[in-house]
Amino acid sequence: MSCSKSRQRRWRKSICKKPPFSGPTTPSTRTVKSGAPSPPRFLLLVMVNVRHMKEFDPVHHIEGSSAILEPDGTWPSFYESEVYSFNFWRGDLRPEDDVYISPTIEASIEITRHARPFVVDLKFHDCDSIEMSYFNYQNVIEDLTFCFEERGFYADGVTPLPPYICVKIGTPKHTVALTFKCFKIEVVGRREIKGPPYA
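Predicted model only: the values in this text are computed from it and were never measured.

Draft legend 1. Molecular detail of the overall build of the protein chain. Across its full length, the protein chain carries three helices and 11 strands. Start at the N end of the protein chain and walk to the C end: the helices and strands fall as α-α-α-β-β-β-β-β-β-β-β-β-β-β. Burial status across the protein chain gives 27% buried among its 199 residues. When contacts within the protein chain are restricted to residue pairs at least 6 apart in sequence, long-range pairs at least 24 apart make up 58% of them. Summing over all exposed atoms, the protein chain offers an accessible surface of approximately 14,200 Å²; the carbon and sulfur share of this is 56%.

Below you can see the structure in the form of structure tokens.
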């Protein structure tokens with residue numbers, strides 16, 4: 001009886017003992033020589049696609065900007081400028097004629113804080129996500145700002161899509177405000193003020 005019980009105990013120990021692990025390590029547990037774990041593969045793919053967007057520079061990124069630059073070549077201040085008018089055009093979409101023109105916005109703004117005040121006419125092309133508020137008989141704004149916004153990548157996952165240009169005219173909930181996204185901005189003209197303000 002004692003010999004039988006002894007054999008049973010040895011047999012139980014043999015089947016309960018875990019064999020040593022000899023399989024390959026996973027990417028999340030594999031270590032490099034320094035001892036730090038290697039990053040998962042999906043993180044490496046994300047790191048490859050990260051890029052830093054350059055800042056929007058009106059002097060270089062707005063067509064015809066030279067018509068309204070200051071004598072030192074800088075973009076003028078739009079602080080306390082006044083919006084005369086906004087003109088919205090819905091565009092022209094006729095696939096059967098191969099015509100694809102997105103909405104445009106035209107803005108006429110008087111730059112008041114200038115030695116010789118003038119009206120600048122701006123045109124924004126391929127506009128989207130348009131929101132406007134507080135437009136009335138007196139439309140003084142605090143600023144006109146621009147910035148780029150990434151749109152992702154083409155199907156190859158490497159080539160970046162052309163970025164949006166995010167435009168903000170005025171300050172929402174405080175002054176007349178118009179915010180939208182577009183792909184191209186141009187200075188259509190500059191008009192000197194010789195009499196009562198008008199557009």
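Draft legend 2. Up close: the environment of serine 66. As for its placement among the helices and strands, serine 66 is situated in the loop between helix 3 (58–61) and strand 1 (81–89). On the basis of relative accessible area, serine 66 is assigned to the exposed category, the value being 59%. Distance in space between the C-alpha atoms of serine 66 and valine 187 is 8.6 Å, their sequence separation being 121 residues.

Draft legend 3. Seen up close, the confidence of the model for the protein chain. Of all residues in the protein chain, 71% attain a pLDDT of 70 or more, and the chain-wide mean is 81. Note that pLDDT drops below 50 for residues 11–16; the model gives that stretch zero contacts with residues more than four away or on any other chain. Note that residues 21–32 has pLDDT below 50 and, in this model, nine contacts with residues that lie over four places away or in other chains.

Draft legend 4. Quick look at the pattern of salt bridges. Tallied over the entire structure, the rule returns eight salt bridges. In this structure, the salt-bridge partner of aspartate 121 is arginine 191, at a minimum N-O distance of 2.9 Å. Taken together, the residues span a long stretch of sequence, with aspartate 121 in strand 5 (residues 118–125) and arginine 191 in strand 11 (residues 184–192) at a distance of 70 residues. Arginine 191 sits in the partly exposed class, given a relative accessible area of 29%. Across the salt bridge formed by arginine 190 and glutamate 192, the nearest N and O atoms sit 3.1 Å from each other. What makes arginine 190 partly exposed here is its relative accessible area of 31%. Linked through salt bridges whose partners overlap, the residues forming this network are Asp92, Arg94 and Asp97.

Draft legend 5. Structural view of the nonpolar core. Phe124, Phe146, Val167 and Ile169 are the most contacted members of the largest nonpolar core, which totals 29 residues. Among residues more than four places away in sequence, those in contact with phenylalanine 146 are Phe56, Pro58, Ile62, Trp75, Phe124, Ile165, Cys166, Val167 and Ile185.

Cut-offs applied
- Residues numbered from 1 in each chain as written.
- Predicted model: local features only at pLDDT ≥ 70, side-chain atom pairs only at ≥ 80, totals over all residues.
- Heavy atoms only, no water.
- Helix = DSSP H or I, 4+ residues; strand = E, 2+ residues; numbered from the N terminus.
- Buried < 20%, exposed > 50% of the residue type's maximum accessible area, 1.4 Å probe, protein only.
- Contact = heavy atoms within 4.5 Å.
- Areas by Shrake-Rupley, 256 points an atom, 1.4 Å probe, with all protein chains shown as cover.
- pLDDT = per-residue confidence, 0-100.
- Salt bridge = Lys/Arg side-chain N within 4 Å of Asp/Glu carboxyl O.
- Core = buried A, V, L, I, M, F, W, Y, C linked by side-chain atoms within 4.5 Å.

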